[in-house]
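Here's the letter readout for the chains.
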Amino acid sequence: MVEVASFRIERIQYLRADGTLAAPLPPWAEDGEELVRLYRAMVLTRAYDTKAVNLQRTGRLGTVASSLGQEAVAVGTAAAMRPQDVLLPSFREQGAMLYRGVRIEELLTFWGGDERGSNWSGPREDFPVCIPVGTHAPHAAGVATAFKLRREPRVAVCMLGDGATSKGDVYEAWNLAGVWRLPMVTVVNNNQWAISVPRSAQTAAATLAQKAIACGMPGVQVDGNDVIAVREVVGRMIERARAGEGPAIVEAVTYRLSDHTTADDARRYRDDAEVSAHWKEEPIARLRTFLTARGLWDKDKEEQLLAWCAREVESAVEAYLARAPAPATDMIDYVFAELPAPMRAQRAELVRRVARRAEGAER
Amino acid sequence: MVEVASFRIERIQYLRADGTLAAPLPPWAEDGEELVRLYRAMVLTRAYDTKAVNLQRTGRLGTVASSLGQEAVAVGTAAAMRPQDVLLPSFREQGAMLYRGVRIEELLTFWGGDERGSNWSGPREDFPVCIPVGTHAPHAAGVATAFKLRREPRVAVCMLGDGATSKGDVYEAWNLAGVWRLPMVTVVNNNQWAISVPRSAQTAAATLAQKAIACGMPGVQVDGNDVIAVREVVGRMIERARAGEGPAIVEAVTYRLSDHTTADDARRYRDDAEVSAHWKEEPIARLRTFLTARGLWDKDKEEQLLAWCAREVESAVEAYLARAPAPATDMIDYVFAELPAPMRAQRAELVRRVARRAEGAER
Amino acid sequence: MTAMTLVEAVRTALARAMAEDPTVLVLGEDVGKDGGVFRATEGLLERFGPERVLDTPLSEALFVGLAVGLGAQGFKPVVEFQFDGFSYPAIDQLVNHAGRLRARTRGRLSCPMVVRFPYGGGVRAPEHHSESPEAFFAHIPGVRTVIPSSPARAYGLLLAAIRDPDPVVFLEPKRIYRAVREEVVDDGRALPLDRCFVLREGRDLTLVAWGAMIPVALQASAELAKEGVSVEVIDIATLKPLDCATLLDSVAKTGRCVIVHEAPPSFGPGAEIAAVLASEGLFSLLAPVLRVTAFDVPTPLPRLEELFLPALADVLEACRRAMAHR
Amino acid sequence: MTAMTLVEAVRTALARAMAEDPTVLVLGEDVGKDGGVFRATEGLLERFGPERVLDTPLSEALFVGLAVGLGAQGFKPVVEFQFDGFSYPAIDQLVNHAGRLRARTRGRLSCPMVVRFPYGGGVRAPEHHSESPEAFFAHIPGVRTVIPSSPARAYGLLLAAIRDPDPVVFLEPKRIYRAVREEVVDDGRALPLDRCFVLREGRDLTLVAWGAMIPVALQASAELAKEGVSVEVIDIATLKPLDCATLLDSVAKTGRCVIVHEAPPSFGPGAEIAAVLASEGLFSLLAPVLRVTAFDVPTPLPRLEELFLPALADVLEACRRAMAHR
Ligand SMILES: Cc1ncc(C[n+]2csc(CCOP(=O)(O)OP(=O)(O)O)c2C)c(N)n1
Ligand SMILES: Cc1ncc(C[n+]2csc(CCOP(=O)(O)OP(=O)(O)O)c2C)c(N)n1
Ligand SMILES: [Mg+2]
Ligand SMILES: [Mg+2]
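Calculation rules
- Residues numbered from 1 in each chain as written.
- Chains lettered and ligands numbered in written order.
- Predicted model: local features only at pLDDT ≥ 70, side-chain atom pairs only at ≥ 80, totals over all residues.
- Heavy atoms only, no water.
- Pairing = 2+ DSSP bridges.
- Helix = DSSP H or I, 4+ residues; strand = E, 2+ residues; numbered from the N terminus.
- Axes fitted to C-alpha atoms, helices over the stretch in contact; angles between N-to-C directions.
- Contact = heavy atoms within 4.5 Å.
- Domains from an automatic or database assignment.
- Least-squares fit on C-alpha atoms with pLDDT ≥ 70 in both.
- Phe/Tyr/Trp six-rings, centres within 6.5 Å; stacked < 30°, edge-to-face > 60°.
- Buried < 20%, exposed > 50% of the residue type's maximum accessible area, 1.4 Å probe, protein only.
- Near = heavy atom within 4 Å.
- Polar contact = N/O pair within 3.5 Å; in protein donor to acceptor, adjacent residues only side chain to side chain.
- Areas by Shrake-Rupley, 256 points an atom, 1.4 Å probe, with all protein chains shown as cover.
- Nonpolar A, V, L, I, M, F, W, Y, C, P; charged D, E, K, R; others polar.
- Donors = N, O, S within 2.8 Å, 3.2 Å for Na, K, Ca; no water.
- Buried area = accessible area lost by both parts, 1.4 Å probe.
- Salt bridge = Lys/Arg side-chain N within 4 Å of Asp/Glu carboxyl O.
- Expected span 1.5 Å × (residues − 1).
- Parallel < 35°, antiparallel > 145°, perpendicular 65-115°, else oblique.
- Left-handed = near helix turned anticlockwise from the far one by under 90°.

A closer look at the sheet that holds strand E13 (residues 257-260) of chain D
Residue and element names in this part refer to chain D.
Reasoning step 1: As summarised here, the arrangement of the five strands in space is E9-E11-E10-E13-E14, forming an open sheet in which the pairing is mixed. In this open sheet, the two strands that pair with only one neighbour each are strand E9 (197-200) and strand E14 (290-292). For this sheet, the mean inter-axis angle between neighbouring strands, taken without regard to orientation, is 25 degrees.
Reasoning step 2: Direction of pairing for E13 relative to E14: parallel, over a ladder of three bridges. If you follow Val-260 over to E14, its bridge partner there is Val-292.
Reasoning step 3: Set on the sheet, helix H8 (residues 213-226) makes contact with E9, strand E10 (205-209), strand E11 (231-235) and E13; between it and E11 the angle comes to about 170 degrees.
Reasoning step 4: Along the sheet, helix H10 (residues 269-280) contacts E10, E13 and E14; its crossing angle with E13, the most-contacted strand, is approximately 165 degrees.

Here it is in structure tokens:
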């Protein structure tokens, strides 16, 4: 009996739930402005989420997945990326998308049921929201392969949930990333629930970070409610990948304070008490306490920020609601680079269908 | 930074390549008869494989995958199982199938292109050969779930290759087995090649056993050319699973001495020198040396065994070749429990097709 | 006798099947405490316990294979895929294993199972939640594809599917999950598989549909009746194997056929029906066989979805066009 | 100008495409040193190196997704699936991502790629190595399905597929990989996609086929010529989007159509062709549109495979049956 391999998984935290430090700050975090930037991004994300849920409830938006309580994962990850990196988000990473320059109006357009929302002006190479769980991990591997083949110092950053770690295609992508040493970092946003399925029913693995061991790459756990830890550890892994040292998995442990989506009622399957307990750990209050203690934040600033967020969101909502609908033919015209000749008849039929329905509506 | 989990992977060997002991034998292996039984099974497997390759070369059998050099994995695994357990083999585990009571004639019938070969008289609940790599791992999880739900002390044993460990469905099955604590043991037959892709290009994981860590179950590596180690470790994991302690992965490290299949020419992608080197480690000579040293085996016995194997194989070949073809309508009649009414017309067309072709052949 | 919605009928059939046969299991994502995202399995966990109603990890590629193993061991797994758009990983196992285990072992092993999922558009859902993939499933040998279009047929067909000794893919039209209530007697009476249902007899035109397009077809037939056109409405119900006899009989009488479905047209489910008519019913046809369908494009997001899906006006137009041939 | 087999033509086209466009990559299992199990990629590793010819782990569920990422980044991945029977995991990514990335982002991102694999029966291969799954792929919106039937068409169509800015599934009829040699000029000239090829003109009957059924169709047309029947043979080539115009023109002339394919009939590829005729060509039809196909059962092992697959005698019988209608 010989030991042929051994492994350890670490967990990293800087900011405790009470806003005190658990470890000396990483150098970049000594810059107060940087921390404030993270704080503002988290607050804006929450303002957006709150509004989006509201718009859905009042029938002006489709189903949306709030990231309430998980803002640190999204914002910390995006802040760790460079503009030339590519983000491949799931459906709950609006915080990261906003941070990277997708506009609120564009997010609303997408979740309002209009593809034009994914044709954003911001990070043009970033991937659109991926709704089938984990199916974007292979895309991230492909993007990372492209970077590697072109010898570009860029990293593909894939964000997915605890539930997604059970998916075979995610595993296949990770395994490829490992063996090809791809510049691909996966942030597992472990919010402890996959709709009604708790983390404990998702896998017997003690941590999700250790899934990396199966693929021969490092896996690290961070406190996902500690934006400093997320930014630091994801950043370390991204820079490592950029330097050609291969992929990594970062498990960010957080908690989904909201329902799964606006179509869900989480009280069916989890206790309010559990949720309340987790409110004590949420990332925004924690950072605010810390910033305030450091003299970097105060009530005035908070009020100004909230007012600014409200304006940002409101004006985006207005723009979203005011936008004229896309022509129906867009559904055909963007499928192929050029309309294949055999599809011309269908396009003509669509045009007739539009007219027919309009007629029907008139009568 | 806190360590939240740690893991180690061990490798187990009893019999060194030179036939000497690396560790004290497990109690069951003190029984000379048991060891001889394993030896005989390995030799029979090799005789079968040799014949099958031959039959293919002479046009009397379809493509086959020899298990030359890997007999210890198959035989050791089957010997560790109880009759009531269920085997889910890949396409290279004839050694295990034979050990469990599938007849040579039945194997030939299957590989000769006739489904009747999988309707064997032996272990009726065992699964047929699975050709799409790894797709039987989910079946094994299903069989194991059935055992668990019925509280039967039975184990599903899935055998697959190093290449199969890259498949997402295999991972999904393992992850489920972990979290449901299923009585499912997977033997990874790591013969170091997946057709032309070497183990090193399959995954960056240092061992295949450590893939178990991702799924929260034990993973162990054994010398797969040491039938004692295979029988012992797989047996331990099977009994552990039987006792309700959950699944495990055993990585048996062996070497594919043959071409991938009769349709392959391995010299295109690997050195003869590598193959020759591995001939020194193959499982049969190793055990023979050990048995001879213990006074359990001699030249006479060897000759008798080879003669017996030849007779067994020959008479099976005769029976196989003599078997009358199945009626063409079998291809329709066994698809559903009862022929659906809308398929009657197709069945009639098949009957006409048979007649038409016969006519054509006559002319 | 209770007035039920379609999803309630599904739930009632599941409960009935589980009560009468202890080997019936329900598996899938969120089928337990949550009762399924559409509540099709609501109450089953409480009633039958966690060994009959099993929440799986998020692993669709696993589901059918898991059911193959369970089926081979004498269970009858009923697996729920959460939405149509997540059902595609099922195809590999359905083609390569579920549909052939019996044939492959010449009857030694078999794997009864039901793979059910909500399908179709019209509920303004996010991407991937509004697809009609029935043609993919209907092309798989050894597997039945069944689609109910009313609470009573959901009840009777699902019972039949669960009792059937072979794999059945059961697609539930989510758009009409709660559209109407219908009296359904929970008496354990199954409806026959492999048979189409003539919902309304007619002389002039055969209107063929299934799932959520049935209410549209019925409405069309009512409208056309006002114009003096007598429409026979056929609910396909079992898409595969297809009950050609009923279709051919109908078209032999009417001479005209319009097929309505939500899936894209090319190599879609309606093609088979038209093909059967073109070969075995050709000389009855007085008019072209018309398909009223979606387009050969990915299901658009909700803003354009309505124009992607066929609606009453389109069905009427096609029927009138067919009737123009005398 | 060299006499090439079909698989050599595939290889030649791959090499040409790689030489002319540095973004073209070849990926798959055993495509490197081994040159692919059918040697379609032989020599490419040596010529273009390991950064253009990449052996992947054994992970089919990954392949198309990997290509989506590569395609979005400006590469043109050509992914080889080893056999038809292992191609099903491609469907999820093709439907949910490859076929809609361009539409989903309104043109911001796209993912050109070719997914190629050997398909079809008749080579007495083991289980899962003899399937004709083209109908599954042809139903996927946003994705082309192309099937060559000769060395020259393999060369020209594969070049076209690789140059095309959108995803193409390219099925190669393995049965005729090495059946004949044909002069192929390696001049980089592509053939048009989205067009059927009229291989032989005729007046009495349109015989439609693709892939390995083309030689059978041509043989049938020769046989029938002896009986005084003039057969027009159409090679579908691009199955989706289907060139209905060519088909309709032909049937407008001949009035009869027989479709031959190796896939099972129900909801199979031939159905779409028949459906197009039943709607847009009905009044040209003098005879039922007949399909000569496999059966709705899993591909049997080699011993019974010959009777599963359509052969000359069956095609002749169907053509004669069609000709009986005057
Ligand atoms: C492949 C697939 N299966 C099922 C679903 C339905 N679904 C949407 S989100 C979700 C749970 C996802 O859990 P997790 O990965 O933890 O992400 P979270 O929602 O918690 O952010 C499920 C099952 C889906 N979108 N995709
Ligand atoms: C899903 C799938 N993909 C590809 C193949 C073709 N193929 C047959 S065996 C094989 C390699 C398998 O390697 P491994 O799992 O190591 O098993 P081994 O052949 O070495 O026993 C491949 C790629 C297949 N049978 N199934
Ligand atoms: Mg989650
Ligand atoms: Mg191997």
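Alright, that's what it looks like, and here's the rest.
Remarks on the domain arrangement of chain A
Reasoning step 1: Domain assignment breaks chain A into domain 1 (11-322) and domain 2 (330-362).
Reasoning step 2: With centres defined by C-alpha atoms, the gap from domain 1 of chain A to domain 2 of chain A works out at 38 Å.

Side note on the relation of the copies chain D and chain C
Reasoning step 1: When chain D is fitted to chain C, the residual RMSD is 0.0 Å, and the transformation amounts to a turn of 180 degrees plus an axial shift of 0.0 Å. In short, the pair behaves as if placed about a two-fold rotation axis.
Reasoning step 2: When the interface residues of chain D are mapped onto chain C, 98% of them again fall at the interface, so both copies present the same face.

Side note on the packing of aromatic side chains
Residue and element names in this part refer to chain A.
Reasoning step 1: One pass over the structure, following the stated rule, counts 21 aromatic pairs over all chains.
Reasoning step 2: Judged by centre distance (5.7 Å) and plane angle (45 degrees), the ring pair of Trp-193 and Tyr-269 falls under tilted. You can see Trp-193 sitting in strand E5 (residues 193-194) and its partner Tyr-269 sitting in the loop between strand E8 (248-253) and helix H9 (272-279), a full 76 residues away along the chain. Each of the two residues, Trp-193 as well as Tyr-269, counts as buried.

Notes on the site of ligand 2
Reasoning step 1: In the region of ligand 2, 20 residues are neighbours, and Arg92(B), Asp162(B), Gly163(B), Trp193(B) and Glu60(D) sit closest.
Reasoning step 2: Gly163(B) is positioned with one of its backbone polar atoms (N or O) 2.8 Å from an oxygen atom of ligand 2.
Reasoning step 3: Trp193(B) has a polar backbone atom sitting 2.8 Å from an oxygen atom of ligand 2.
Reasoning step 4: When ligand 2 sits alone it has 570 Å² of accessible area, and the protein chains cover 95% of it.
Reasoning step 5: Across the shell around ligand 2, the residue classes tally to ten nonpolar, five polar and five charged.

Some details on the coordination of the magnesium ion (ligand 3)
Residue and element names in this part refer to chain A.
Reasoning step 1: Protein coordination at the magnesium ion (ligand 3) comes from Asp-162 (OD), Asn-191 (OD1) and Trp-193 (O), with a distance range of 2.0 to 2.1 Å.
Reasoning step 2: Donor residues for the magnesium ion (ligand 3), ordered by position in the chain, follow D-x28-N-x1-W. Note on accessibility: Asn-191 and Trp-193 belong to one class, buried.

Focus on the interface of chain D and chain C
Many structure descriptions define interface size as the accessible area lost when the parts assemble.
Reasoning step 1: Facing 53 residues of chain D, the contacting portion of chain C comprises 52 residues.
Reasoning step 2: Note on chain D versus chain C: buried area summed over both sides is about 4,400 Å², and carbon and sulfur give 66% of it.
Reasoning step 3: It is Phe136(D), His139(D) and Phe267(D) that lose the most area in chain D upon contact with chain C, and together they represent 20% of the buried surface on that side.
Reasoning step 4: Close ionic contact of Arg291(C) with Glu272(D) constitutes a salt bridge, the shortest N to O distance being 2.9 Å.
Reasoning step 5: Here the side of chain D that touches chain C takes eight residues from H10(D), the largest share from any one element.

What about helix H7 (residues 151-163) of chain C?
Reasoning step 1: For H7(C), with 13 residues, the first-to-last C-alpha span of 18 Å sits near the 18 Å given by 1.5 Å per residue.
Reasoning step 2: Within H7(C), eleven of the 13 residues are buried, which leaves the element mostly enclosed by the surrounding structure.

Here's the deal with the pairing of strand E8 (residues 248-253) of chain B
On a regular strand, each side chain points to the face opposite its neighbour's, so the side chains alternate between the two faces of the sheet.
All names here are of chain B.
Reasoning step 1: E8 sits mainly inside the fold: six of its six residues count as buried.
Reasoning step 2: Here E8 shows a buried face lined by Ala-248, Val-250 and Ala-252 and a second buried face lined by Ile-249, Glu-251 and Val-253.
Reasoning step 3: Relative to E8, strand E4 (residues 184-190) runs parallel, the two sharing six bridges. Bridge assignment links Val-187 to a residue of E8, and that residue is Val-250.
Reasoning step 4: Examined bridge by bridge, strand E7 (residues 219-223) and E8 share five bridges and lie parallel to one another. Paired with Gln-221 across the bridge in E8 is Glu-251.

Observations regarding the interface of chain C and chain A
Reasoning step 1: Between chain C and chain A, the residue contacts involve 42 residues of the former and 39 residues of the latter.
Reasoning step 2: Between chain C and chain A the total buried area reaches about 3,300 Å² when both faces are included, carbon and sulfur atoms providing 58% of it.
Reasoning step 3: Run the count over chain C and chain A and you get six salt bridges.
Reasoning step 4: In this structure, the salt-bridge partner of Arg357(A) is Asp314(C), at a minimum N-O distance of 2.5 Å.

Re the coordination of the magnesium ion (ligand 4)
Residues and elements named next belong to chain B.
Reasoning step 1: Those donors, Asp-162 (OD), Asn-191 (OD1) and Trp-193 (O), are the protein atoms that reach the magnesium ion (ligand 4), and they lie 2.0 to 2.1 Å from it.
Reasoning step 2: Written as a sequence motif, the donor residues of the magnesium ion (ligand 4) are D-x28-N-x1-W. Of this pair, Asp-162 sits in the loop between strand E3 (156-161) and helix H6 (168-180) while Trp-193 is found in strand E5 (residues 193-194), placing the two residues 31 residues apart along the sequence. We note that Asp-162, like Trp-193, is buried.

A word on the packing of H8(D) against helix H12 (residues 312-323) of chain D
All names here are of chain D.
Reasoning step 1: Relative to each other, H8 and H12 sit at 50 degrees, their axes nearing to 9 Å. Relative to H12, the element H8 lies oblique. As H8 runs across H12, the sense of the crossing is right-handed. Contacts from Val-216, Gln-219, Ala-220, Glu-223 and Leu-224 of H8 reach H12 at Leu-312, Val-315, Leu-316, Cys-319 and Arg-320.

What about the packing of helix H4 (residues 104-111) of chain B against helix H11 (residues 299-322) of chain B?
All names here are of chain B.
Reasoning step 1: Relative orientation of the contacting elements H4 and H11 amounts to 50 degrees, with a least axis distance of 8 Å. One finds that H4 runs oblique with respect to H11. By crossing handedness, the relation of H4 to H11 is classed as right-handed. Across the interface between the two elements, Ile-104, Glu-105, Leu-108 and Thr-109 from H4 touch Glu-312, Val-313, Ala-316, Val-317, Ala-319 and Tyr-320 from H11.
Reasoning step 2: The class makeup of the residues in the contact of H4 with H11 is seven nonpolar, one polar and two charged.

Digging into the side chain of Glu10(A)
Reasoning step 1: Within the secondary structure, Glu10(A) is located in strand E1 (residues 2-12).
Reasoning step 2: Here the side chain of Glu10(A) touches Arg8(A) through a polar contact of 2.8 Å, side chain to side chain.
Reasoning step 3: Not counting residues up to four positions away in its chain, the partners in contact with Glu10(A) are Val220(A), Gln221(A), Met1(B), Val2(B), Glu3(B) and Val4(B).

Brief notes about the pattern of salt bridges
For side chains bearing opposite charge, pairing can occur when the charged atoms are close.
Reasoning step 1: Applying the stated criterion across every chain yields a total of 111 salt bridges over all chains.
Reasoning step 2: Residue Asp166(D) is joined to Arg102(D) by a salt bridge in which the shortest nitrogen-to-oxygen separation is 2.9 Å. With Asp166(D) in the loop between helix H7 (151-163) and strand E7 (167-173) and Arg102(D) in helix H5 (residues 101-104), this pair connects stretches of sequence that are 64 residues apart. You'll find Asp166(D) and Arg102(D) in the same group, each marked buried.
Reasoning step 3: Sharing partners across several salt bridges, the network here consists of Glu349(A), Arg352(A), Arg353(A), Arg356(A), Arg357(A), Asp314(C), Glu317(C) and Arg321(C).

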